[in-house]
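Residues per chain are reported as follows:
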Amino acid sequence: MRKMFAAWALLLVTATVLGQGLGADARSAGRPIAMGRLPDVPESETVRAKFLSQEWSPGVVTFKNGAPSMAVPLLFDEFGEKLYYLQNNLTMEFNNPVASFTLMLIIKGDSGYVTYKNGLPAIHKNTSETFYEVVVDGKYELLKCRAKTIGLYKEDVPEERRSNQIKEMLYALLPDGQMTEVKKDKDYLCALPKYGNTIKNVADTKKLKLKNEKGLIELFAYLNQ
């Protein structure tokens, strides 16, 4: 029911968010576009690029204290883990503790949705307040994190094993509530306590290679069937 509400609210806010803070006269006062050409629409958008360019996205936010959900324009700083919303042309922060939020982006030329949530078990330098992007939802959750805590965790790793190119990490929330790092490595995944055999059976049956994110997404989708 929460997902249905989020999707409905995002569709509703899309129709109003671009007119945020504008009166009827301002919205109806048109101007010509050079060469009669509309601005280019990007093939895909990212949360990071939208934040850097200060472009608001329609979104829905839920709260930990049971406060009513809000459908508002959003900006999210993934690295700094700061979520902002637009109200009357003013950039605002939330007073209520955020549990999750969903943003609408253009993905491969079509409207898509990206969901983030916190309240998960602490791991590495991440706390229960760290936000994760939900890549695959279900009993087996595949999560992605780009928070500054990822960099802090890497500082604890010996230099010869450290990669300065790593800007994100993948995690899994397993059915028993265990939080674990996910590596693009079949042997690593098949050795996970309690769930390794299940993962191996699925990977072998479906002939999954698990060497990239696409393979991991397929694995978690099959695990949730």
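Just so you know, these numbers come straight off a predicted model, no measurement behind them. (Residues numbered from 1 in each chain as written. Predicted model: local features only at pLDDT ≥ 70, side-chain atom pairs only at ≥ 80, totals over all residues. Heavy atoms only, no water.)

A. Looking closely at the environment of Leu-75. Here Leu-75 is to be found in strand E2 (residues 70-77). According to the relative accessible area criterion, Leu-75 is buried, its value standing at 4%. Taking the C-alpha atoms as reference points, Leu-75 and Trp-56, separated by 19 residues in sequence, lie 5.6 Å from one another. In contact with Leu-75, not counting residues within four places along its chain, are Lys-50, Phe-51, Gln-54, Glu-55, Trp-56, Lys-82, Leu-83 and Tyr-84. (Helix = DSSP H or I, 4+ residues; strand = E, 2+ residues; numbered from the N terminus. Buried < 20%, exposed > 50% of the residue type's maximum accessible area, 1.4 Å probe, protein only. Contact = heavy atoms within 4.5 Å.)

B. Representation of the packing of aromatic side chains in the model. Here the structure, examined in full by the defined rule, presents 9 aromatic pairs. Between Phe-101 and Phe-131, the ring centres sit 5.4 Å apart and the planes meet at 65 degrees, which makes this aromatic pair edge-to-face. Taken together, the residues Phe-101 in strand E5 (residues 98-107) and Phe-131 in the loop between strand E6 (110-117) and strand E7 (132-136) connect sequence positions 30 residues apart. When its relative accessible area of 10% is taken as the criterion, Phe-131 is described as buried. (Phe/Tyr/Trp six-rings, centres within 6.5 Å; stacked < 30°, edge-to-face > 60°.)

C. Layout of the nonpolar core. Core analysis: the biggest nonpolar cluster contains 20 residues, and Val-182, Leu-189, Ile-199, Leu-210, Leu-216, Leu-219 and Phe-220 have the highest contact counts within it. The biggest single contributor to this core is helix H7 (residues 213-223), with 4 residues. Each residue touching Phe-220, except ones within four places of it in the same chain, is listed here: Val-136, Tyr-140, Glu-141, Leu-142, Ala-172 and Val-182. (Core = buried A, V, L, I, M, F, W, Y, C linked by side-chain atoms within 4.5 Å.)

D. Local environment of H7. Of the residues making up H7, those classed as buried are Gly-215, Leu-216, Leu-219, Phe-220 and Leu-223. End-on view of H7: buried residues confined to an arc of 130 degrees, all on one side of the axis. Considering only its buried residues, H7 is in contact with E7, strand E8 (141-145), strand E9 (169-173), strand E10 (179-182), helix H5 (186-190) and helix H6 (196-205). (Arc of directions from axis to C-beta.)

E. Seen up close, the sheet that holds strand E1 (residues 57-63). Across the sheet, which stays open at both edges, the 10 strands sit in the order E4-E3-E2-E1-E5-E6-E7-E8-E9-E10 with antiparallel pairing between neighbours. Strand pairing shows two members of the sheet lacking a second neighbour, strand E4 (90-93) and E10, which therefore form its edges. In this sheet, adjacent strand axes meet at a mean angle of 40 degrees when their direction is disregarded. Note that E5 and E6 share 8 bridges and pair antiparallel. Bridge pairing links Ile-107 to Asp-110 in E6. (Pairing = 2+ DSSP bridges. Axes fitted to C-alpha atoms, helices over the stretch in contact; angles between N-to-C directions.)

F. Spotlight on the pattern of salt bridges. Inspection of the entire model under this criterion finds 13 salt bridges. We note a salt bridge from Lys-50 to Glu-45, for which the minimum N-O separation is 3.5 Å. Here Lys-50 matches Glu-45 in class, with each residue buried. When the shortest N-O distance is used, the salt bridge between Glu-168 and Lys-144 registers 3.9 Å. (Salt bridge = Lys/Arg side-chain N within 4 Å of Asp/Glu carboxyl O.)

G. Representation of the side chain of Ser-57 in the model. Tracing the backbone through its elements, the reader meets Ser-57 in strand E1. Relative accessible area serves as the criterion here: at 2%, Ser-57 is assigned to the buried category.

H. Representation of the pairing of E1 in the model. Most of E1 is tucked away: 7 of the 7 residues are buried. Where E1 meets E2, 5 bridges bridge the pair, whose relative direction is antiparallel. Note on E2: the bridge partner recorded for Val-61 is Met-70. Between E1 and E2, which follow one another and run antiparallel, lie 6 residues, and Gly-66 among them has a positive phi close to 85 degrees. Alignment of E1 against E5, held across 5 bridges, turns out to be antiparallel.

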